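Geometric and topological summary
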Amino acid sequence: MKNLLMVLVFLVMAACGNSLTDKEKQEYTTKGNEIAQASFKALSEKLIEQMKMGGPAQAIPFCNVQAMPISQQLSEQYDVTIKRTSDKWRNPINKPSERELEIINNYHKLISKKHEITPIVEMDSNNNKHYYAPILLKANCLACHGKVDEFVSVKTDSIIKSLYPNDRAIGYNEGDLRGIWSITFKK
Ligand code: HEC
């Protein structure tokens, strides 16, 4: 009887064993880091180019139209789904899922305790693998995500409001947690 119970417990654990080995975690972390870096590079190169050409007045409408297609193209290239999300999102399309919000809130807690924050890799109940990593605010993000009238000009603020009437992604300081990368692997 006891043996049968042990076998049953083992079977149940194996069936819903949604855990990754350390080796798998390491592999997905490496892949996730690579994809997040490539995405950041692609987005920021275009953004810097547009900022040089016409400041926020040109770069904001560009992000509004191009941020999604750039992410989508990279998603196809790496055969993953790439998402940037935040607890204070600008575009409602980027609103976090329940799990993403939990991850963001955990990062906030760790930061407030001055702990290090590192990427997270996990498997969900459908066996999909996920990579999450923090996005911190840098000095060159302030023109569009900083405090109004300090870093974000009143004109920039009105352009943001006209495209994103419910914008929440403003008032940040350098070094703040702006959001996370959320990458879902298809295999
Ligand atoms: C020229 C203005 C501008 C600058 C500079 C800028 N952003 Fe944004 N950011 C935007 C806009 C506009 C969106 C909404 C894009 C969309 O519609 O998908 C956005 C969206 C985001 C999002 C997605 C979540 C959300 O709120 O919708 C993240 C994360 C983000 N920005 C981080 C950053 C970081 C980090 C930097 C600096 C490296 C930065 N941004 C610099 C304008 C800017």
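Residues numbered from 1 in each chain as written. Predicted model: local features only at pLDDT ≥ 70, side-chain atom pairs only at ≥ 80, totals over all residues. Heavy atoms only, no water.

A few words on the overall build of the chain. Across its full length, the chain carries 5 helices and 4 strands. Secondary structure elements in the chain, listed N-terminal to C-terminal, are α-α-β-α-β-β-α-α-β. Principal-axis analysis of the C-alpha atoms places the extent of the chain at approximately 75 × 35 × 25 Å. Taken across its 187 residues, the chain has 35% of its residues classed as buried. (Helix = DSSP H or I, 4+ residues; strand = E, 2+ residues; numbered from the N terminus. Buried < 20%, exposed > 50% of the residue type's maximum accessible area, 1.4 Å probe, protein only.)

This part takes up the packing of helix α2 (residues 22-78) against helix α5 (residues 154-163). Running from amino to carboxyl end, α2 crosses α5 at an angle of 20°, the nearest separation of the two axes being 10 Å. The orientation of α2 relative to α5 falls into the category roughly parallel. Where α2 crosses over α5, the two elements pack in a sense that is right-handed. Residues P56, A57, I60, P61 and N64 of α2 form the contact with α5, whose participating residues are K155, T156, I159, I160 and L163. Among the residues forming the contact of α2 with α5, the class breakdown is 7 nonpolar, 2 polar and 1 charged. (Axes fitted to C-alpha atoms, helices over the stretch in contact; angles between N-to-C directions. Parallel < 35°, antiparallel > 145°, perpendicular 65-115°, else oblique. Left-handed = near helix turned anticlockwise from the far one by under 90°. Contact = heavy atoms within 4.5 Å. Nonpolar A, V, L, I, M, F, W, Y, C, P; charged D, E, K, R; others polar.)

What follows is about the nonpolar core. One finds I35, V80, I82, Y131, W181, I183 and F185 to be the most contacted residues of the largest nonpolar core, which totals 18 residues. Counting only elements with at least two residues in this core, the list comes to α2, β1 (80-85), β2 (120-123), β3 (129-136) and β4 (177-185). The biggest single contributor to this core is α2, with 7 residues. Not counting residues within four places of it along the chain, the set of residues in contact with W181 comprises A36, S39, F40, L43, I82, K83, R84, Y131, Y132, A133, P134 and I135. (Core = buried A, V, L, I, M, F, W, Y, C linked by side-chain atoms within 4.5 Å.)

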